[in-house]
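Tertiary structure, described
One letter stands for each residue in the lines below.
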Amino acid sequence: MKRRIEETRLAWQNFIKGKEDLLNIRTDILDSWKRCKKYKVDYNKGFGELIPKEELDNVLKKNRQLIEVSKPIMMDLYNIVKDSSYAIILCDENGIIIEAIWNKLGAKKRDELNFIKGCKWTEKNVGTNAIGTCLSLDKPIQTLGTEHYCKLQHGWTCSAAPIHNNEGKIIGIIDLSGDFYDFHPHTLGIVVAAANAIQNQLSIIEHRKWIDVSFDSIEDGILILGTNYKIKNFNKKLCEILKIPKKQILNIDIKYLLKDILKDNDIFNINNTIKYSETTLYIGTKRIECSVTISPAIEKGSYFGVVISVKKLDIVRDVVNRVVGNSSSYTFSDIITKNPRLISLIETAKKMAQNDCPVLIQGESGTGKELFAHSIHSSSPRKSGPFVAINCAALPKELVESELFGYEKGSFTGASKEGKPGKFELANKGTIFLDEIGELPLEIQAKLLRILDNYVVTRIGSTYERKLDVRIIAATNRNLYDEVDKKNFRSDLFYRLNVLKLYIPPLRERPEDIIHCSQYFLNKLNENNYKQNKYFDKSFLSNIKKHAWNGNLRELQNVIQRAYYISDSECIDASLLLEHIQEDIDDNKCFISDSKDDLEIKPLKQMEKELITKALKHCNGNVIKASKLINIGKSSMYRKIKEYNIVLSQNGKKI
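Computed from a predicted structure; not experimentally measured.

Looking at the sheet that holds strand β6 (residues 156-164)
Read from one edge of the open sheet, 5 strands run β3-β2-β7-β6-β5, paired in antiparallel fashion. Of all strands in the sheet, those bounded by a partner on one side alone are β3 (97-101) and β5 (141-144). On average, each strand axis in the sheet is tilted by 15° relative to the strand beside it, whichever way the strands run. Pairing between strand β2 (residues 87-92) and β3: 4 bridges, direction antiparallel. Its bridge partner lying in β3, I89 is registered against A100. Sheet contacts for helix α4 (residues 64-81): β2, β3, β6 and β7 (170-179); angle to β2, the most-contacted strand, approximately 160°. Along the sheet face, helix α8 (residues 187-217) touches β5, β6 and β7 and points at about 25° away from the line of β6.

Observations regarding the packing of aromatic side chains
Using the criterion set out here, one finds 16 aromatic pairs in the structure. Ring geometry for Y564 and Y565: centres 5.3 Å apart, planes at 85°, overall edge-to-face. Y565 sits in the exposed class, given a relative accessible area of 52%. Taken together, W102, F115, W121 and W156 form an aromatic cluster joined through their ring pairs. Seen from the ring of F15, K37 lies directly overhead, with NZ or CZ sitting 4.1 Å from the centre. Just above the ring of Y39 sits the side chain of K124; from NZ or CZ to the centre is 5.4 Å.

Considerations on the confidence of the model for the protein chain
Per-chain confidence: the protein chain averages 86 in pLDDT, with 92% of residues scoring 70 or above. Least confident of the elements in the protein chain is strand β25 (residues 653-654), whose mean pLDDT is 50; most confident is helix α7 (residues 130-137), at 96. This stretch, residues 590-599, has a pLDDT under 50; its non-local contacts, to residues over four places away or in other chains, come to 4 contacts.

What to know about the sheet that holds strand β13 (residues 359-362)
Across the sheet, which stays open at both edges, the 5 strands sit in the order β14-β17-β20-β13-β21 with parallel pairing between neighbours. This sheet does not close on itself; its edge strands, each paired only once, are β14 (387-391) and β21 (500-503). Direction aside, the axes of adjacent strands within the sheet are offset by 15° on average. Here helix α13 (residues 340-352) sits on the sheet in contact with β13, β20 (470-476) and β21, set at roughly 155° to β21. Packed onto the sheet, helix α14 (residues 369-378) meets β13, β14, β17 (430-435), β20 and β21 and runs at close to 170° relative to β17.

Regarding the state of the cysteines
All told, the structure shown has 0 disulfides when counted by the stated rule. Sulfur of C239: no disulfide; nearest cysteine sulfur belongs to C290 and is 14 Å away. Its relative accessible area of 10% is what places C239 among the buried residues.

Quick word on unusual backbone geometry
Residue Y229 is not a glycine yet carries a positive backbone phi of 65°. You can see Y229 is positioned in the loop between β8 (221-226) and β9 (231-234). In this structure, N552 takes a positive phi of about 60° despite not being glycine. Note that N552 resides in helix α22 (residues 552-566).

Criteria and cut-off values
- Residues numbered from 1 in each chain as written.
- Predicted model: local features only at pLDDT ≥ 70, side-chain atom pairs only at ≥ 80, totals over all residues.
- Heavy atoms only, no water.
- Pairing = 2+ DSSP bridges.
- Helix = DSSP H or I, 4+ residues; strand = E, 2+ residues; numbered from the N terminus.
- Axes fitted to C-alpha atoms, helices over the stretch in contact; angles between N-to-C directions.
- Contact = heavy atoms within 4.5 Å.
- Phe/Tyr/Trp six-rings, centres within 6.5 Å; stacked < 30°, edge-to-face > 60°.
- Buried < 20%, exposed > 50% of the residue type's maximum accessible area, 1.4 Å probe, protein only.
- Lys NZ or Arg CZ within 6 Å of the ring centre and 35° of its normal.
- pLDDT = per-residue confidence, 0-100.
- Disulfide = S-S within 2.5 Å.

Dropping the structure here:
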């Protein structure tokens with residue numbers, strides 16, 4: 001050892017003098033000396049360069065995690081060498097000392113060399129030294145006595161090892177430095193072990209960080225429980241769903257939170273995953289409606305807890321609404337018309353779309369009431385929410401309430417074991433369209449009125465009121481004024497619905513739309529049928545203008561489709577019209593009586609009675625057809641028949 005020290009001392013002297021007799025010097029040390037000479041390092045000096053305080057503060061902040069991880073390991077090292085002159089030094093990737101542990105024996109030399117926090121110890125600053133040379137070589141190294149380039153460090157022995165991140169980049173150096181006479185060959189191994197320990201700890205933290213990021217990025221809330229109901233882990237999404245701060249999550253009563261689920265299951269005695277498409281979680285006085293999945297946590301056959309996945313119910317319902325098509329399909333641009341009255345109605349409806357008031361759409365079947373409802377939703381601030389359409393006339397009377405308002409589990413025979421949300425809940429944050437609302441039973445009308453008053457819904461079998469954020473659009477082909485008079489429709493519900501009203505005129509009152517819409521339907525058919533270019537002849541167009549179109553646009557579209565598909569040529573003529581339409585065209589020709597009575601002036605009521613009587617005779621007693629012929633409502637027609645005591649007979653039978 002003494003021989004090596006002497007050879008190194010002579011080699012250093014020769015190198016400083018520029019002599020070449022350096023064969024006994026380690027290559028790493030010789031290369032470092034050459035770099036130092038190139039850097040013009042003053043070999044008579046060798047003390048650290050102190051960086052400004054502001055710069056040091058930034059360096060310490062940047063390396064806070066490295067320092068926190070390294071400190072315990074440095075203290076373990078110190079406990080090993082505390083009776084010697086060794087100091088434990090931590091540097092950043094630029095050779096700046098960011099942490100140091102010294103004992104009293106080395107304090108004097110520490111100050112002489114500026115070997116303190118905030119000083120730079122690179123080869124450029126202080127010549128060959130374990131810290132700076134380790135940075136240059138990116139490998140562990142030990143420097144002994146005169147292997148240091150600068151004289152002031154010749155009384156030192158230093159061992160340093162690099163600390164890498166997961167990408168292999170140097171992020172720091174750990175160093176053991178002490179008096180030359182305390183040299184021990186094993187110090188380098190100790191430093192390498194310490195560097196590895198720091199690297200492993202940082203790697204675990206990095207790995208954990210990515211796990212946490214991934215855990216918190218999951219769209220579902222995750223709650224992991226041990227078999228003693230103690231929370232083992234949870235993610236941020238769970239806090240959002242439960243609306244509780246992260247600090248308080250560990251204090252919640254798990255048995256109370258899961259009380260509805262625990263009634264049905266021992267969650268710590270399940271073999272397979274159990275799912276609740278809809279359930280309630282409880283936090284204090286709060287109820288959280290959600291979807292829950294509970295999976296057993298099993299490792300090597302040992303059961304040690306459960307993983308509970310919680311999904312917000314509105315997310316589940318968004319998926320349900322997308323799957324079942326609860327979305328608007330039309331906009332106002334889809335309404336085809338040249339009628340000034342209908343064009344004005346569209347502009348009115350656009351204004352209605354911008355608020356949340358109920359809308360009542362009235363008009364005959366086939367006039368496009370649902371098209372207006374879709375368009376109002378599509379133009380409203382709720383357009384991104386669901387659009388749930390219900391035909392009230394198609395709902396069986398015994399199922400109306402459960403379909404509209406939902407039910408709790410076990411509410412009645414055949415009820416789903418998990419309960420079921422009603423259409424109003426599915427429409428939350430969107431629009432519900434109640435078509436043919438005049439068909440709703442009176443007892444359901446009362447419940448609907450309560451929703452309009454308070455915007456809460458109570459499921460069958462429940463006392464809990466669920467808040468709603470929904471817009472209601474209703475439609476009917478009935479005259480609701482007449483239905484209110486007949487006690488078939490609640491007056492209070494009618495006035496709550498009748499805030500904004502639209503009346504869609506029938507097609508016969510929009511003659512310009514008959515040809516316009518017919519051409520539109522024909523163009524669509526040509527587009528959808530490859531290589532077809534069919535057209536109407538004048539006879540077809542002339543005849544359809546004369547038809548009453550009691551079925552309105554729906555009837556017109558069906559007639560055009562039928563004529564299109566049965567036509568053998570490209571020309572669609574009047575011969576392709578249905579027989580009943582041709583008969584109706586003939587029937588609708590004005591019939592003028594030659595009787596002198598028609599020229600007499602009569603009281604208005606008598607004339608009205610005679611007109612209704614003639615219309616009924618002409619239609620063979622068909623009240624609906626007669627009411628359409630003279631353009632009055634069906635309910636009004638029945639009322640006037642009763643008022644005028646009109647009794648018709650045909651073939652000896654009353655009509």
